[in-house]
Amino acid sequence: MILCIANVLSPEQLGEVRRLLGEGTHVDGKQTAGWHARLVKHNTQLAATDTATKASDIVRKALMGNEVFRAAVQPRQLRAMLFSRYEPGMEYGAHVDDALMGRDGERMRSDVSMTVFLADADSYEGGELVMETTGGEQSYKLDAGAAIIYPSNTLHRVAPVTGGVREVAVSWAQSLIRAPEQREILLDLDTARRSLFQREGKSREFDLLSKSHANLLRMWAET
Ligand SMILES: O=C(O)CCC(=O)C(=O)O
Ligand SMILES: [Fe+2]
């Protein structure tokens, strides 16, 4: 399931993150890619300093405070955000994200990958996030402040930027629910029971859907 979530960042949060991006220094993005992804990764990234930590905290807090994000991702652990910049001529060729990230003791599995768009969509040309799906390629370029989340098991790439500057924050979550299809069932059930609740309040049907949702969570969740 690929999901786009609008307005994850408020205009104030977006402004603050952009200010911090302007303050920090950028380094070669190859430093944070696996050995094969490094071959096709051409971008720069905000150096891992206090500035990056401050910006990461703002974006992570916004994601974790977003109801749709929580329901869709069921996050168990969320890595610090990486702030990537693509100037004209830069791109990130097809790759799969590393399955395991972090050092001993803080190692996590990547189940869900995400991009939070930080530049206005019409301020740069190219730079679409392209996902290889069984139905063919799908391209995404979202408004500033919006996020896209997608299963980490896909091949994906960032198309070459041909004008302007593409700024994004990317990260990975380990989910309580490892399998993408199970996450989708839980999200559908949760969405259905919430809209039923809006319509009819705490009905018998709502209770049964809630029971199924809770029992599937009990069956599938890794805590
Ligand atoms: O910039 C993006 O939208 C995604 C980048 C990416 O695939 C990655 O950093 O692994
Ligand atoms: Fe990636």
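Please read these numbers as outputs of a predicted model, since none were measured by experiment. (Residues numbered from 1 in each chain as written. Chains lettered and ligands numbered in written order. Predicted model: local features only at pLDDT ≥ 70, side-chain atom pairs only at ≥ 80, totals over all residues. Heavy atoms only, no water.)

Enquirer: Teacher, can you tell me more about the packing of aromatic side chains here?
Expert: Any two aromatic rings considered together are summarised by their centre-to-centre distance and by the angle between their planes. For the coordinates displayed, the defined rule picks out one aromatic pair. Ring geometry for Phe197 against Phe206: centres 5.0 Å apart, planes inclined by 55°, an arrangement best described as tilted. According to the relative accessible area criterion, Phe206 is buried, its value standing at 12%. When the ring centre of Tyr124 is taken as origin, the NZ or CZ atom of Lys141, which lies over that ring, is 4.3 Å away. One Lys or Arg, Arg166, reaches over the ring of Tyr86 and ends 5.0 Å from the middle of that ring. (Phe/Tyr/Trp six-rings, centres within 6.5 Å; stacked < 30°, edge-to-face > 60°. Buried < 20%, exposed > 50% of the residue type's maximum accessible area, 1.4 Å probe, protein only. Lys NZ or Arg CZ within 6 Å of the ring centre and 35° of its normal.)

Enquirer: Sorry if this is basic, but what is going on with the site of ligand 1 here?
Expert: Near ligand 1 you find Tyr86, Tyr92, His95, Asp97, Thr115, Leu129, His156, Val158, Arg166, Val168, Val170 and Trp172, and these make up its full shell. Contacts to ligand 1 include Thr115, whose side-chain N or O atom sits 2.8 Å from an oxygen atom. A distance of 3.0 Å separates an oxygen atom of ligand 1 from a polar side-chain atom of His156. Alone, ligand 1 offers 290 Å² of accessible surface; in the complex the protein occludes 98% of this. (Near = heavy atom within 4 Å. Polar contact = N/O pair within 3.5 Å; in protein donor to acceptor, adjacent residues only side chain to side chain. Areas by Shrake-Rupley, 256 points an atom, 1.4 Å probe, with all protein chains shown as cover.)

Enquirer: Teacher, can you tell me more about the pattern of salt bridges here?
Expert: A side chain of one charge can pair with a side chain of the opposite charge if their charged atoms are brought near each other. Per the counting criterion, the structure on display carries twelve salt bridges. Arg18 is the salt-bridge partner of Asp120, the closest N and O atoms lying 3.3 Å from each other. A residue pair is termed long-range when its members are at least 10 positions apart, and Asp120 in the loop between β10 (112-117) and β11 (125-126) and Arg18 in helix α1 (residues 11-23) qualify at 102 residues. A relative accessible area of 38% places Asp120 in the partly exposed class. Here Arg194 and Asp190 are joined by a salt bridge, their closest N and O atoms 3.3 Å apart. With Arg194 and Asp190 both in helix α4 (residues 180-200) and four residues apart, this pair spans about one turn of that helix. Of the residues examined, Arg194 reaches a relative accessible area of 42% and is grouped as partly exposed. On the basis of relative accessible area, Asp190 is assigned to the buried category, the value being 8%. (Salt bridge = Lys/Arg side-chain N within 4 Å of Asp/Glu carboxyl O. Helix = DSSP H or I, 4+ residues; strand = E, 2+ residues; numbered from the N terminus.)

Enquirer: What should I look at first to understand helix α5 (residues 204-220) in this one?
Expert: With 17 residues, α5 extends 24 Å from end C-alpha to end C-alpha; this agrees with the ideal 24 Å at 1.5 Å per step. Along α5, the positions that sit buried rather than exposed are Phe206, Ser210, His213 and Leu216. For α5, the arc enclosing every buried residue in end-on projection is 130°, short of the 170-degree limit, so these residues lie on one face. Looking at α5, the residues exposed on the side facing more than 90 degrees away from the buried face are Arg204, Lys211, Arg218 and Met219. For α5, the secondary structure elements touched by its buried residues are α4. (Expected span 1.5 Å × (residues − 1). Arc of directions from axis to C-beta. Contact = heavy atoms within 4.5 Å.)

Enquirer: Help me understand the coordination of the iron ion (ligand 2) in this model?
Expert: Tetrahedral coordination by four donors places them ideally at 109.5 degrees to one another around the metal; octahedral coordination by six donors ideally gives 90 or 180 degrees. For the iron ion (ligand 2), the protein coordination sphere consists of His95 (NE2), Asp97 (OD) and His156 (NE2), at 2.1 Å. Each donor residue of the iron ion (ligand 2) belongs to the same chain, and together they define the spacing H-x1-D-x58-H. Of this pair, His95 sits in strand β7 (residues 91-95) while His156 sits in strand β15 (residues 156-158), placing them 61 residues apart in sequence. Comparing His95 with His156 shows no difference in burial state: the two are buried. (Donors = N, O, S within 2.8 Å, 3.2 Å for Na, K, Ca; no water.)

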